[in-house]
There are 2 protein chains.
Amino acid sequence: MNYSRQREQIYEALANNVVHPSAEYIYDILKQANSNISLATVYRNLNKMALNGRIKKIRGLEDRAHFDHNTFEHYHFICRKCGRIYDIPCEIAPEIISKTEKSTGFKIESHDIVFSGICRECSENER
Amino acid sequence: MNYSRQREQIYEALANNVVHPSAEYIYDILKQANSNISLATVYRNLNKMALNGRIKKIRGLEDRAHFDHNTFEHYHFICRKCGRIYDIPCEIAPEIISKTEKSTGFKIESHDIVFSGICRECSENER
DNA sequence: TATAAACTGATAATTGTTATCATATTTTAT
DNA sequence: ATAAAATATGATAACAATTATCAGTTTATA
């Protein structure tokens, strides 16, 4: 894989965003910021980096994929009202993985826990 | 919500399938079986039932959604080779939920654990 | 039964994503 | 440094999954 300025811009935009943006969101940010980057380039590089393990691809409740620069073990909460994705820092016991591998014969390479419900902001706005 | 013959057919097709089928898969089954059901009807009813809680919508690694008639607590394993989705009957400690709710202020309504890796069949075929 | 509400099949439209391709940038070997 | 090969880009067409539309049908209600 060669160096590319666009790829680094995309990574920066991803890393400097609190949210877990979609490809289109990153595209909009970079577009505003200056460049005449192409949406295809954004998709291409996000997928490439996700394949590398440099970033993570998250699938929520919506149709579009979201991306996360944080590759350390952590989980996600998806608000069914606003669609935002939050990090959840809790942990599950590692023996669950090995126990499950043993009972199923599957090779578990990764896992994600996805909680869903209503986020604080949305439940405050509800009233 | 009114009764509809098509909806029950769709539910039956879903319940009698070991796999976690996609909308298109169910459409094909019903199409073969007899009826001139419409793909739109399949989508409409799967979504409606998922909203109700009668069935569950699962998002895997692929673009298309899959559906599960089993609404009891259980988790999923997605094979990154064949894309199949398997049930995983393990459990996580319920206090993780309440602890997470407390620390975040979120209302957690549901959660799913998605393991991914290589299923047994695929790792056997690899050799 | 008549009326309203919900549902259907067929298909057009929409949306998120990927493929294509001519051009540009980056790496490599000279 | 410079030419050749490899990789990446922007623009946009193509694609696949899903949703919207709408005239006609079925189901529930009065």
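The notes below deal with the structure included here. (Residues numbered from 1 in each chain as written. Chains lettered and ligands numbered in written order. Predicted model: local features only at pLDDT ≥ 70, side-chain atom pairs only at ≥ 80, totals over all residues. Heavy atoms only, no water.)

1. Considering the overall build of chain A
A tally of helices and strands in chain A yields 5 helices and 5 strands. Secondary structure elements of chain A occur, N-terminal to C-terminal, as α-α-α-β-β-β-β-α-β-α. Dimensions of chain A, computed from the C-alpha atoms along their principal axes, are close to 50 × 50 × 20 Å. A total of 127 residues make up chain A; the buried ones form 46% of that total. Pairs at least 24 apart in sequence give 48% of the contacts found in chain A among residues at least 6 apart. (Helix = DSSP H or I, 4+ residues; strand = E, 2+ residues; numbered from the N terminus. Buried < 20%, exposed > 50% of the residue type's maximum accessible area, 1.4 Å probe, protein only. Contact = heavy atoms within 4.5 Å.)

2. Comments concerning the packing of aromatic side chains
Per the counting criterion, the structure on display carries 6 aromatic pairs over all chains. Ring centres of A:Tyr86 and B:Phe106 lie 4.7 Å apart, and the angle between their planes is 50°; this geometry places the pair in the tilted category. Taken together, the residues span two chains, with A:Tyr86 in strand 4 (residues 85-88) and B:Phe106 in the loop between helix 4 (95-104) and strand 5 (107-118). The exposure class assigned to B:Phe106 is buried, which follows from its relative accessible area of 10%. With centroids separated by 4.4 Å and ring planes inclined at 35°, the aromatic side chains of A:Phe106 and B:Phe77 adopt a geometry described as tilted. Of this pair, A:Phe106 sits in the loop between helix 4 (95-104) and strand 5 (107-118) while B:Phe77 sits in strand 3 (residues 75-79), which puts the two residues in different chains. Considered together, A:Phe106 and B:Phe77 belong to a single accessibility category, that of buried residues. One residue, A:Arg54, lies across the ring of A:Tyr11, its end atom 4.1 Å from the ring centre. (Phe/Tyr/Trp six-rings, centres within 6.5 Å; stacked < 30°, edge-to-face > 60°. Lys NZ or Arg CZ within 6 Å of the ring centre and 35° of its normal.)

3. Quick word on the interface of chain A and chain B
Counting from both sides, the interface comprises 34 residues of chain A and, opposite them, 34 residues of chain B. Of all residues in chain A, A:Arg59, A:Phe106 and A:Phe115 bury the most surface against chain B, accounting for 22% of the area lost on that side. Summed over the shared surface of chain A and chain B, the number is 4 salt bridges. In this structure, B:Asp63 and A:Arg59 form a salt bridge, with 3.1 Å as the shortest nitrogen-oxygen distance. Scanning the region where chain A abuts chain B turns up 15 residue pairs in polar contact (both at pLDDT 80 or more). Where the side of chain A that touches chain B is concerned, the elements lending two or more residues are strand 4, helix 4, strand 5 and helix 5 (120-125) of chain A. (Buried area = accessible area lost by both parts, 1.4 Å probe. Salt bridge = Lys/Arg side-chain N within 4 Å of Asp/Glu carboxyl O. Polar contact = N/O pair within 3.5 Å; in protein donor to acceptor, adjacent residues only side chain to side chain.)

4. A word on the packing of helix 1 (residues 5-15) of chain A against helix 3 (residues 39-52) of chain A
Residues and elements named next belong to chain A. Relative orientation of the contacting elements helix 1 and helix 3 amounts to 75°, with a least axis distance of 10 Å. By the criterion of interaxial angle, the relationship of helix 1 to helix 3 is roughly perpendicular. When helix 1 is examined against helix 3, the residues Gln6, Arg7, Ile10, Tyr11 and Leu14 are found in contact with a partner set consisting of Thr41, Val42, Asn45, Leu46, Lys48 and Met49. Among the residues making up the contact of helix 1 with helix 3, the classes are represented as 6 nonpolar, 3 polar and 2 charged. (Axes fitted to C-alpha atoms, helices over the stretch in contact; angles between N-to-C directions. Parallel < 35°, antiparallel > 145°, perpendicular 65-115°, else oblique. Nonpolar A, V, L, I, M, F, W, Y, C, P; charged D, E, K, R; others polar.)

5. Observations concerning the environment of B:Arg59
Relative to the helices and strands, B:Arg59 is located in strand 1 (residues 56-59). Of the residues examined, B:Arg59 reaches a relative accessible area of 16% and is grouped as buried. Sequence separation of B:Arg59 and B:Thr41 is 18 residues, and the distance between their C-alpha atoms is 20 Å. Ignoring any residue separated from it by four or fewer positions in sequence, one finds B:Arg59 in contact with A:Gly60, A:Leu61, A:Glu62, A:Asp63, B:Ala65 and B:Ile78. In terms of polar contacts, B:Arg59 uses its side chain to reach the backbone carbonyl oxygen of A:Leu61, at 3.1 Å. A polar contact of 2.8 Å, which involves the side chain of B:Arg59, links it to the side chain of A:Asp63.

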